[in-house]
Amino acid sequence: DSIEVKMPLFEEFNQSSCDACAQATPNLDSVFYHSRNIGNAVRYHVSWPGQDFMNQETNTPFVNSRVSFYGVTGVPDAKLDGSIDIYPGSMRTSDIATEAALGSPFKIDLSATYNTSTNKYSVTANVKSFGTVASGLKAQVVLTVDTMTYTQNQSTESIPQYVFPQVAEDMMPSSSGTTLTAFTPEQTQTVNV
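Quick caveat, the model's predicted, so the values are computed rather than measured.

Colleague: Please provide a residue-by-residue account of the overall build of the protein chain, values included.
Modeller: Within the protein chain, the secondary structure is distributed over three helices and 11 strands. Helices (α) and strands (β) of the protein chain occur, in sequence order from the N terminus, as β-α-β-α-β-β-α-β-β-β-β-β-β-β. In summary, the protein chain has a C-alpha radius of gyration of 17 Å against a globular reference of 16 Å for 193 residues, a match within 12%. The principal-axis extent of the C-alpha atoms belonging to the protein chain is close to 55 × 40 × 30 Å. Residues classed as buried in the protein chain amount to 40% of the 193 residues present. A separation of at least 24 residues holds for 70% of the contacts in the protein chain among residues at least 6 apart in sequence. Averaged over its 10 positive side-chain charges, the protein chain has a centre that lies 5 Å from the centre of its 19 negative ones.

As structure tokens, this is what we get:
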């Protein structure tokens, strides 16, 4: 009965030593800048075709499982809202706007804090459904870094790469996410990670 404003999610799989990824990045940066108020982006760094120091930290905890989940076999690759295959170099702001216009049967209120003593983030997400939904949906919480900037080139290929926006840093509590129970209309479930 109700449709909430939808914030589409764009998930890119890339690598710091990937010329095709570097060629797609200016387009994606422009799309994300122009759709920053209506969409979200997560960029996962994979272990091929060359070296990637970000991947060395994130591959085992969660990137490899996302690669397996989506069946990614090459980079750059991407998913819009988890199901739409889209090549990052051809992504357009209108793609995000079209998905946002569809609306969502869920409303998610999110709050996050960082504890400087323990160096840990805490996130609370209140997920409200406006309809009946069967159990089994997964709530995925991804912590990203706005922008990682290196003083030295990170690529072993021909196009130098220094700046990496929306880098996935962690998935909480893990890459398995949090399984939600069945929803009834107007019901809210809380995820704490």
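Read on, since the account is not over.
Colleague: Please provide a residue-by-residue account of the side chain of Glu-11, values included.
Modeller: Structurally, Glu-11 can be placed in strand 1 (residues 9–14). Taking relative accessible area as the criterion, Glu-11 reaches 3% and is therefore assigned buried. Leave out the neighbours within four places in its chain, and Glu-11 touches Val-42, Tyr-44, Arg-66, Tyr-70, Asp-77, Ala-78, Lys-79 and Gly-82.

Colleague: Break down the state of the cysteines for me, citing the residues and quoting the values.
Modeller: In this structure the tally under the stated criterion is one disulfide. Paired through a disulfide, Cys-18 and Cys-21 show a sulfur-sulfur distance of 2.4 Å. In this structure the cystine formed by Cys-18 and Cys-21 twists about its S-S bond by roughly 80°; its chirality is therefore right-handed. When sorted by exposure, Cys-18 lands in the same class as Cys-21, which is buried.

Colleague: If you had to explain the pattern of salt bridges to someone new, which residues and values would you point to?
Modeller: Should the charged atoms of two oppositely charged side chains come close, the side chains can pair. Enumeration according to the criterion identifies seven salt bridges in this entry. Lys-6 is paired through a salt bridge with Asp-81; the nearest N and O atoms lie 2.8 Å apart. Pair noted here: Lys-6 is in the segment before strand 1 and Asp-81 is in the loop between strand 3 (77–80) and strand 4 (84–85), with a separation of 75 residues, a long-range link. In this structure, Lys-128 and Glu-186 form a salt bridge, with 3.3 Å as the shortest nitrogen-oxygen distance. In this pair, Lys-128 is assigned in strand 6 (residues 120–129) and Glu-186 in the loop between strand 10 (178–179) and strand 11 (188–192), connecting sequence segments 58 residues apart. Its relative accessible area of 47% is what places Glu-186 among the partly exposed residues.

Colleague: Can you tell me about unusual backbone geometry, naming the residues and giving the values?
Modeller: Geometrically, the link from Val-75 to Pro-76 is a cis peptide bond, its omega value of 0° lying close to zero. Its location among the elements puts Pro-76 in the loop between helix 2 (53–70) and strand 3. That bond from Met-172 to Pro-173 is cis: its omega, 0°, falls within 30 degrees of zero. Note on placement: Pro-173 falls in the loop between strand 9 (163–172) and strand 10. The residue Asp-81 is not glycine, and still its phi comes out positive at about 55°.

Colleague: Residue-level account of the environment of Val-75, with values.
Modeller: By the element assignment, Val-75 lies in the loop between helix 2 and strand 3. Overall, the relative accessible area of 16% leaves Val-75 in the buried class. In sequence terms Val-75 and Pro-49 are 26 residues apart; their C-alpha atoms lie 8.3 Å from each other.

Colleague: Give me the lowdown on the pairing of strand 9, citing residues and values where you can.
Modeller: Within strand 9, seven of the 10 residues are buried, which leaves the element mostly enclosed by the surrounding structure. Of the strand pairs in this sheet, strand 8 (residues 141–149) and strand 9 are connected by eight bridges, and their pairing is antiparallel. Following the sheet pairing, Val-141 is matched in strand 9 by Met-172.

Colleague: Can you tell me about helix 2, naming the residues and giving the values?
Modeller: With 18 residues, helix 2 ought to run about 26 Å at 1.5 Å a step, yet its terminal C-alpha atoms sit only 22 Å apart, falling short of that. Maximal helix bending in helix 2 amounts to about 95°, located at Asn-59; proline Pro-61 follows within four positions. Listing the buried residues of helix 2 in full gives Met-54, Asn-55, Thr-58, Asn-59, Phe-62, Val-63, Arg-66, Val-67 and Tyr-70. Buried residues along helix 2 sit against strand 1, strand 2 (40–45), strand 3, strand 8 and strand 9. Near the N-terminus of helix 2, the side chain that reaches the backbone nitrogen of Met-54, with its oxygen 2.9 Å away, is that of Asp-52. Where helix 2 ends, the next residue or the one after it, Gly-71, has phi of about 70°, a positive value.

Rules used throughout
- Residues numbered from 1 in each chain as written.
- Predicted model: local features only at pLDDT ≥ 70, side-chain atom pairs only at ≥ 80, totals over all residues.
- Heavy atoms only, no water.
- Helix = DSSP H or I, 4+ residues; strand = E, 2+ residues; numbered from the N terminus.
- Rg over C-alpha atoms; globule rule 2.2 N^0.38 Å.
- Buried < 20%, exposed > 50% of the residue type's maximum accessible area, 1.4 Å probe, protein only.
- Contact = heavy atoms within 4.5 Å.
- Lys, Arg positive; Asp, Glu negative; His and termini not counted.
- Charge placed at Lys NZ, Arg CZ, Asp CG, Glu CD.
- Disulfide = S-S within 2.5 Å.
- Salt bridge = Lys/Arg side-chain N within 4 Å of Asp/Glu carboxyl O.
- Pairing = 2+ DSSP bridges.
- Expected span 1.5 Å × (residues − 1).
- Bend = angle between axes of the 7 residues up to and from the residue.
- Polar contact = N/O pair within 3.5 Å; in protein donor to acceptor, adjacent residues only side chain to side chain.

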